[in-house]
Amino acid sequence: FTIEIFVTDLEKDVAMEDYIASRKLEPKKTGYFGDEFYKGGNDVIFITTQRPNASQIKIFAVNVADLPAPEEIKNHPRVTYREGGPESTKTIFKEILADQSKKEPAGVGTSGLAIDAIATDYDKTLSEGALKNNPGMAETIVDLLTAGVPFAVMSGSNVNTQMERMSLMKDVMAARGLSIEEQDRIISNFILYGNGVGSKYTFRMVNDEKGESVMKAYLDRGYSDKNRIPQDDIDIIKVKLEEIVKN
């Protein structure tokens with residue numbers, strides 16, 4: 001079995017504040033995608049947060065049909081509600097992508113979404129399980145990154161699992177015959193917040209000893225160190241868990 005332990009009060013809005021500040025994003029042109037916009041859901045924090053930047057972002061609620069959002073969230077002024085999970089997410093991503101090449105002088109494309117940066121949950125928002133389970137999603141994400149749209153995954157899941165899932169982007173870029181320099185430019189727009197958003201990773205594309213492209217992860221220690229569980233606490237928890245297993 002697995003036990004996951006997270007820092008108290010560490011929610012996705014903390015990661016959002018960092019994302020907006022570190023990338024110098026405009027909050028009102030940053031969109032967050034999630035499927036858990038219901039009581040107890042881990043995306044509701046973006047409705048209730050008082051943090052200065054996270055409280056201004058646009059929200060795309062893509063709840064699955066059997067777990068719909070309540071009416072007060074559907075009607076929230078910052079919420080665009082499109083039930084349907086990963087398929088709805090992919091459809092909106094394509095609308096945002098189309099807007100990048102059709103912007104009017106005011107910076108609003110034909111759909112009126114006015115989104116220049118994306119943050120998203122993973123499970124039941126991008127895909128269920130492996131990214132390949134939602135055909136076309138990895139290609140759409142790469143298209144967004146190629147267009148210069150910053151893209152961040154904010155997940156409560158284990159960061160190594162999420163890295164493995166998102167590595168499909170590397171295969172998409174390789175299949176397109178892109179140079180390592182172009183792949184590196186594209187992937188530099190991608191950020192992963194994992195382990196309950198307590199860890200932050202950025203990425204670069206490099207060639208290994210065989211000359212093959214590798215998606216290399218870099219831990220952002222400035223963000224991650226201040227949001228991780230202190231080692232003394234981890235040691236205490238480890239002892240307690242060992243006692244439980246023995247008994």
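Caption draft 1: Summary view of unusual backbone geometry. Look at Asn 195: it is not a glycine, yet its phi comes out positive at around 55°. Here Asn 195 shows up in the loop between strand 6 (190-194) and strand 7 (199-207). At Val 197, a residue that is not glycine, the phi angle is positive and equals roughly 55°. Relative to the helices and strands, Val 197 resides in the loop between strand 6 and strand 7. Given a relative accessible area of 2%, Val 197 falls into the buried group.

Caption draft 2: Quick peek at the environment of Glu 26. With respect to the helices and strands, the residue Glu 26 is situated in the loop between helix 1 (12-22) and strand 1 (30-34). For Glu 26, a relative accessible area of 48% translates into the label partly exposed. The sequence separation of Glu 26 and Ile 57 amounts to 31 residues, and the corresponding C-alpha distance is 8.6 Å.

Caption draft 3: Region of the structure containing helix 4 (residues 86-100). Here helix 4 is 15 residues long and its end C-alpha atoms lie 21 Å apart, about the 21 Å a rise of 1.5 Å per residue gives. Buried residues of helix 4: Pro 86, Ser 88, Thr 89, Lys 90, Ile 92, Phe 93, Ile 96 and Asp 99, and no others. The inward-facing, buried residues of helix 4 contact strand 1, strand 2 (58-61), strand 4 (117-120), helix 5 (137-146) and strand 5 (151-154).

Basis of the calculations
The residue numbers shown here count from 1 along each chain, following its written sequence. Since the coordinates come from a predicted model, pLDDT governs what is reported: local features require at least 70, and pairs of side-chain atoms require 80 or more to be given and counted, while whole-chain, interface and lining totals use all residues. Side-chain measures were taken over the full set of non-hydrogen atoms in the model, leaving aside hydrogen atoms and water. Secondary structure elements are defined from DSSP: runs of H or I of at least 4 residues count as helices, runs of E of at least 2 residues count as strands, and each element is numbered from the N terminus. Here's how the labels work: a residue is buried when its accessible area is under 20% of the maximum for its type, exposed when over 50%, partly exposed in between, all with a 1.4 Å probe on protein chains only. Expected helix span is computed as 1.5 Å times (number of residues minus one). Here, two residues are considered to be in contact whenever any of their heavy atoms come within 4.5 Å of each other.

Function cannot be inferred from these measures alone, as they are strictly geometric.
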